[in-house]
Amino acid sequence: IYSGAAIIIPMYMLATVASIYSSFLSSIFGALKLTNIIFISTLAGSLVNVLLLHILINSFGLPAVNIALFAGFLLNDVIRVFVLNKQIKLKIDYKFLILFAGGMAITIYIYNHFEVLGNIVALLVLVIISLFMFRKILLRSTKHIMAQH
């Protein structure tokens, strides 16, 4: 039913991740009362998005939308991380970043090359890996919630 849209989903997933990270960084800048950085990075990302869309749409068609969206949010994120690092010496967990990028690459590969069952198995494996990676945070949060009741 959705086979025509299947080609755009992986890149849309990446654009969504970049968008979520952008929102997270935006909240930090808001707390620091540096809303001008939010404006500048959003404007730069939007310009890249629109320019790339016009450049790529005739060659790539619908996937150009997600490519441009991802590139715009990626620039937005890079600007915000660069500025934030100057403000508060942001610590980036490169090990997690590499694992996350690898996980996204594997997820996209599985999505593109396997049927529904393969995707369900991959989802279960990634949920188990995520629960393992975040077990300390989950346990602390659970204990905190249980202590309140």
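Heads up: the structure comes first, above all this text.
Please read all numbers here as calculations on a predicted model, not as lab measurements.

Trainee: How would you sum up the environment of Ala-31? Please name residues and give values.
Mentor: Mapped onto the fold, Ala-31 is located in helix H1 (residues 9–31). A C-alpha to C-alpha distance of 36 Å links Ala-31 and Val-125, two positions 94 residues apart in sequence.

Trainee: So what about the nonpolar core? Which residues, and what values?
Mentor: Leu-25, Phe-29, Ile-37, Ile-38, Val-81, Val-83 and Leu-84 together form the largest nonpolar core, which totals seven residues. Taken together, the elements giving at least two residues each to this core come down to H1, helix H2 (35–60) and helix H3 (63–88). If you tally residues by element for this core, the top one is H3, at three residues. When residues no more than four places from it in sequence are discounted, the contact partners of Val-81 are Tyr-21, Leu-25, Leu-90 and Ile-92.

Trainee: Before we move on, can you summarise the packing of aromatic side chains with the specific residues and values?
Mentor: Applying the stated rule across the entire model yields four aromatic pairs. Ring plane angle 25° and centroid distance 6.1 Å describe the contact between Phe-96 and Phe-100, whose orientation is recorded as stacked. Note that Phe-96 and Phe-100 are positioned in helix H4 (residues 94–113) at a spacing of four residues, about one turn of the helix. Residue classification places Phe-96 among the partly exposed residues on the basis of a relative accessible area of 31%.

Trainee: Residue-level account of the side chain of Ser-41, with values.
Mentor: Along the polypeptide, Ser-41 turns up in helix H2. Here Ser-41 falls in the buried class, since its relative accessible area comes to 0%.

Trainee: For unusual backbone geometry, give the residues involved together with the corresponding values.
Mentor: Despite not being glycine, Lys-33 shows a phi value in the positive range, around 60°. Along the chain, Lys-33 falls in the loop between H1 and H2. Relative accessible area serves as the criterion here: at 71%, Lys-33 is assigned to the exposed category.

Trainee: Can you tell me about the side chain of Ser-22, naming the residues and giving the values?
Mentor: Looking at the secondary structure, you find Ser-22 in helix H1. Ser-22 sits in the buried class, given a relative accessible area of 4%. The contact partners of Ser-22, leaving out residues within four places of it in the chain, are Phe-73, Asn-76, Asp-77 and Arg-80.

So, how was this worked out
Residues numbered from 1 in each chain as written. Predicted model: local features only at pLDDT ≥ 70, side-chain atom pairs only at ≥ 80, totals over all residues. Heavy atoms only, no water. Helix = DSSP H or I, 4+ residues; strand = E, 2+ residues; numbered from the N terminus. Core = buried A, V, L, I, M, F, W, Y, C linked by side-chain atoms within 4.5 Å. Buried < 20%, exposed > 50% of the residue type's maximum accessible area, 1.4 Å probe, protein only. Contact = heavy atoms within 4.5 Å. Phe/Tyr/Trp six-rings, centres within 6.5 Å; stacked < 30°, edge-to-face > 60°.

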